[in-house]
Amino acid sequence: MLFTSLKIAIVAFIVVFASWLSDKKPELSGFITALPLVSILAIALAYTQSQDTANTAQYAKSIIFAVPISWLFFVPFFFTDKFNLSFWVCWVLGLVLLIIGYFIHHWMLK
């Protein structure tokens, strides 16, 4: 339970820090958010928990395919001015594209 609490605290700190920083320095915050910190931590913590190299390697392979697919979430934000889209419309459309991306990811890794 302590290990799980530690994992939650680390991830929560990164998210809260990036969110706080986005108000002051959005470019730096975007860079920090784009870093694969969560992936790096998750892979290390998953291995620490399971001690299974093969499973951890499969996990890492899944991430490398998922990263470009996850960019689909951001596509609607490029069209806010052109189509006069609000934040929430972009956000929902991004989630829809992300769900479609999940099925693409699932298909790719079969």
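Described in the following lines is the structure provided in the data block.

Calculation criteria
Per chain, residue numbering runs from 1 following the sequence as it is written. Only residues with pLDDT of at least 70 get local features here, since the model is predicted, and only at 80 or more are side-chain atom pairs given and counted; chain-wide, interface and lining totals rely on the full set of residues. Hydrogens and water are ignored here; the side-chain numbers use all heavy atoms of the structure. Pairing of aromatic side chains requires ring centres within 6.5 Å, counting the rings of Phe and Tyr and the six-membered ring of Trp. Pairs whose planes differ by under 30 degrees are stacked, by over 60 edge-to-face, and all others tilted. Per-residue accessibility, obtained with a 1.4 Å probe over protein chains only, is compared with the maximum for each type, and a residue is labelled buried under 20%, exposed over 50%, and partly exposed between these values. Secondary structure elements are defined from DSSP: runs of H or I of at least 4 residues count as helices, runs of E of at least 2 residues count as strands, and each element is numbered from the N terminus. Multiplying one less than the number of residues by 1.5 Å gives the expected span of a helix. Angles shown run from 0 to 180 degrees and are taken between the N-to-C directions of axes, each axis being a line fitted to C-alpha atoms and, for helices, limited to the stretch in contact. Working rule for angles: under 35 degrees goes down as roughly parallel, over 145 as roughly antiparallel, 65 to 115 as roughly perpendicular, anything else as oblique. For a crossing to be left-handed, the near helix must be turned anticlockwise from the far one by less than a right angle; the clockwise case is right-handed. By definition in these notes, contact holds between two residues if any of their heavy atoms fall within 4.5 Å. When residue character is reported, Ala, Val, Leu, Ile, Met, Phe, Trp, Tyr, Cys and Pro are called nonpolar, Asp, Glu, Lys and Arg charged, and the others, Gly included, polar.

**Focus on the packing of aromatic side chains**
- For the coordinates displayed, the defined rule picks out nine aromatic pairs.
- Centroid distance F73 to F77: 5.7 Å. Interplanar angle 50°. Geometry classified as tilted.
- Assessed through its relative accessible area of 16%, F73 is described here as buried.
- Taken together, the ring pairs in this structure connect F73, F74, F77, F87, W88 and W91 into an aromatic cluster.

**A word on helix α3 (residues 37-50)**
- Spanning 14 residues, α3 covers 20 Å between terminal C-alpha atoms, matching the ideal 20 Å at 1.5 Å per step.
- Looking one or two residues past α3, Q51 carries a phi angle of roughly 55°, positive in sign.

**Structural notes on the packing of α3 against helix α4 (residues 53-70)**
- Two numbers describe how α3 lies on α4: the axes approach to 9 Å, and their chain directions differ by 160°. When the axes of α3 and α4 are compared, the pair comes out roughly antiparallel. In this structure, α3 crosses over α4, and the sense of that crossing is right-handed. Two secondary-structure elements touch here, α3 through S39, A42, I43, A46, Y47 and S50 and α4 through T53, T56, Y59, A60 and I63.
- Partitioning the contact of α3 with α4 into residue classes produces seven nonpolar, four polar and no charged.

**Digging into the environment of W20**
- Its location among the elements puts W20 in helix α1 (residues 2-24).
- On the basis of relative accessibility, which here comes to 46%, the residue W20 falls in the partly exposed class.
- Taking C-alpha positions, W20 is 27 Å from N84, a pair spaced 64 residues apart along the chain.

**Some details on the environment of S5**
- The residue S5 is located in helix α1 in this model.
- Expressed as a C-alpha distance, the spacing of S5 and T80, which sit 75 residues apart in the sequence, is 38 Å.

**A closer look at the side chain of T56**
- One can find T56 in helix α4.
- Once you skip the residues sitting within four places of it in the chain, T56 turns out to touch I43, Y47 and S50.

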